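# Breakdown of the fold
Residue strings, one per chain:
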Amino acid sequence: MKPINNFVQNMPPSGIRKFFDIVSTMEGVISLGVGEPDFVTPWPMISAAIDSMEAGKTSYTSNMGLLSLRQEISKYLFKHLGVEYNPDNEILITVGVSEAMDLLMRALICPGDEIIVFEPSYVSYKPTIEMAGGHSVVLDCKEENDFLPDLEELKSLITPKTKAILFNYPSNPTGCVLNREINQKLYDICNENDLYIISDEIYDRLTYDKKHESILEIPGAYDRTILLNGFSKAFAMTGWRIGYACGNKDIIKSMMKIHQYTMLCAPISGQYCALEALRHCVPQSDEMIEEYRQRRNLIVKGFNDVGLTCRKPGGAFYAFPSIKKFGMTSEEFCEKLLYEKKVATVPGNAFGKCGEGYIRCSYATSKKKIIKAIEKIGEFIEEL
Ligand code: PLP
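The structure contained in this document is the topic of the report that follows. (Residues numbered from 1 in each chain as written. Predicted model: local features only at pLDDT ≥ 70, side-chain atom pairs only at ≥ 80, totals over all residues. Heavy atoms only, no water.)

## Notes on unusual backbone geometry
- Of note, the bond from E119 into P120 is cis; its omega dihedral lies within 30 degrees of zero at 5°.
- Note on placement: P120 falls in the loop between β3 (114-119) and α6 (125-131).
- A cis geometry characterises the amide bond from N172 onward to P173, with omega recorded as 20°.
- Note on placement: P173 falls in the loop between β5 (162-168) and α8 (180-192).
- A positive phi angle, close to 50°, is found at A236, a residue other than glycine.
- Of note, A236 is situated in the loop between β7 (225-230) and β8 (243-246). (Helix = DSSP H or I, 4+ residues; strand = E, 2+ residues; numbered from the N terminus.)

Structure follows, in structure tokens:
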């Protein structure tokens, strides 16, 4: 048989998957592993999707997505960020942020282009860049900087081949959030070096101490930023697969071409569900966020009380405690914790080399399970 694509064949599998494969063979595991809301999609949203199906809306939509949804997203972004995207040609509805990221990389990258990725980062960024023919260049973000980028280091990574910087705040996996001062400096660097800014803001609503600050609020950023966002996290809609990309019309047009030839459109029922989310279900989203806030406080205090050093994350639904003092790698720690105490977490190095020495713990699970997990982690640490 002729060989299949060896670039893809040699690509390492996601470090998260490997762990879930072990978890799936075990019984009675408390999982702090999954980056997915434990809530069911709010009922009015499900009901709106059912109504749309009953009304016979089971077809393709426009390639760009339902105009009514794009209009609603445009209003939402204007209200929260003060930026005005034209629903006709600057907003594309996608199959989650995952598809939006893939489309963007393929639309943006010329062979050999470099994209600077802030790590620790979401696991799909580097493979998506590389599959599109680009090179990912890593900027390590360290705990001593609150996992924010070191701007001098960022400047030192820029070369004539650099096309864009890519980041995600509130961050998966660190929970860290951005502030206006850093946003301004990031924008200035990108402006001086003519770089695109790719901002994955999928956790924008999940902040606990202050409102999310987007780079788009910086004057001028609108012109060189591509915003990626979606409904999976804040509206508990992971399975409906609805995201969106916003940016200048030329980029959106190129992304749309790939989308129309590969995906055609995002699922129509999911789009009706998302429409209901923005029109009527922000209060339900706020209730879930309030619950995450309480869980965040619970897990951070609990970890520190049992000797697992943990910063207070400002957003998303992840804690990222340090395990450096235990003299084990992240993988050793997570594996031992899983086999000995049946608590599943994710090794920090799954999110990049600088995630080594940390573990990611999702608090998108009930308080009862979080309390039990803290207790078991406490026993584990004592027995070490
Ligand atoms: N971006 C980040 C930072 C994520 O954490 C995730 C999912 O965990 C995604 C994108 C993918 O989201 P979606 O369900 O919209 O494809």
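Let's pick the thread back up.
## Things to note about the sheet that holds strand β6 (residues 196-200)
- One open sheet accounts for 7 strands, arranged β2-β8-β7-β6-β5-β3-β4; its pairing is mixed. The open sheet has two edge strands, β2 (91-94) and β4 (135-140), and neither has a second partner. Within this sheet the neighbouring strands show an average axis-to-axis angle of 20°, counted without direction.
- Where β2 and β8 come together, 4 bridges link them in antiparallel fashion. Within β8, the position partnered with L92 by the bridge is A245.
- In the packing of helix α4 (residues 67-81) onto the sheet, the strands contacted are β2, β7 and β8, and the crossing angle to β2 comes to about 115°. (Pairing = 2+ DSSP bridges. Axes fitted to C-alpha atoms, helices over the stretch in contact; angles between N-to-C directions. Contact = heavy atoms within 4.5 Å.)

## Let's talk about α4
- The first and last C-alpha atoms of α4 sit 21 Å apart over 15 residues, in line with the 21 Å expected at 1.5 Å per residue.
- Turning to α4, its buried residues number three or more, namely L69, R70, E72, I73, S74, Y76, L77 and L81.
- Downstream of α4 by a residue or two, G82 has a phi angle that is positive, lying close to 75°. (Expected span 1.5 Å × (residues − 1). Buried < 20%, exposed > 50% of the residue type's maximum accessible area, 1.4 Å probe, protein only.)

## Brief notes about the packing of aromatic side chains
- Under the counting rule described, the total for this entry stands at 17 aromatic pairs.
- Considering the side-chain rings of F147 and F320, the 5.6 Å spacing of their centres and the 75° angle between planes classify their relative orientation as edge-to-face. Of the two residues, F147 sits in the loop between β4 and α7 (151-157) while F320 sits in the loop between β9 (318-319) and α13 (330-341), which places them 173 residues apart along the sequence.
- The class of F320 is buried, set by a relative accessible area of 3%.
- Between Y208 and Y363, the ring centres sit 6.5 Å apart and the planes meet at 55°, which makes this aromatic pair tilted. (Phe/Tyr/Trp six-rings, centres within 6.5 Å; stacked < 30°, edge-to-face > 60°.)

## With respect to the site of the ligand
- Every one of the 13 residues lining the ligand counts as a neighbour, but V97, S98, D200, S232 and K233 are closest to it.
- With respect to the ligand, the side chain of K233 contributes an N or O atom lying 2.6 Å from an oxygen atom.
- Contact with the protein chains removes 93% of the 390 Å² of surface that the ligand exposes when unbound.
- Residue composition of the shell around the ligand, grouped by class: 5 nonpolar, 5 polar and 3 charged. (Near = heavy atom within 4 Å. Polar contact = N/O pair within 3.5 Å; in protein donor to acceptor, adjacent residues only side chain to side chain. Areas by Shrake-Rupley, 256 points an atom, 1.4 Å probe, with all protein chains shown as cover. Nonpolar A, V, L, I, M, F, W, Y, C, P; charged D, E, K, R; others polar.)

## Looking at the pairing of β4
- With 6 bridges connecting them, β3 and β4 associate as parallel partners. Across the sheet, residue F118 finds its bridge partner in β4, namely L139.
- Read from β3 through α6 to β4, the crossover connection turns out right-handed. (Right-handed = clockwise from strand over helix to strand, strands pointing away.)

## As for the state of the cysteines
- Enumeration over the complete set of coordinates arrives at 0 disulfides.
- Free of any disulfide, C141 has its nearest neighbouring cysteine sulfur in C354, separated by 6.6 Å.
- When its relative accessible area of 2% is taken as the criterion, C141 is described as buried.
- In this structure C265 is not part of a disulfide, and its nearest cysteine sulfur, from C273, lies 16 Å away.
- Taking relative accessible area as the criterion, C265 reaches 11% and is therefore assigned buried. (Disulfide = S-S within 2.5 Å.)

## Observations concerning the side chain of T94
- Assignment of secondary structure puts T94 in strand β2.
- What makes T94 buried here is its relative accessible area of 0%.
- Polar contacts involving the side chain of T94 include one to the main-chain carbonyl oxygen of G96, which spans 2.8 Å.
- Within the structure, T94 has its side chain in polar contact with the backbone nitrogen of Y244 (distance 3.5 Å).

## Describing the pairing of β8
- Residues G243 and A245 line one face of β8 and the alternating positions Y244 and C246 line the opposite face, and both faces are buried.
- In this sheet, β8 lies alongside β7 in antiparallel orientation, the contact comprising 4 bridges. Paired with N229 across the bridge in β8 is Y244.

Purely spatial values, then, with no claim about function.
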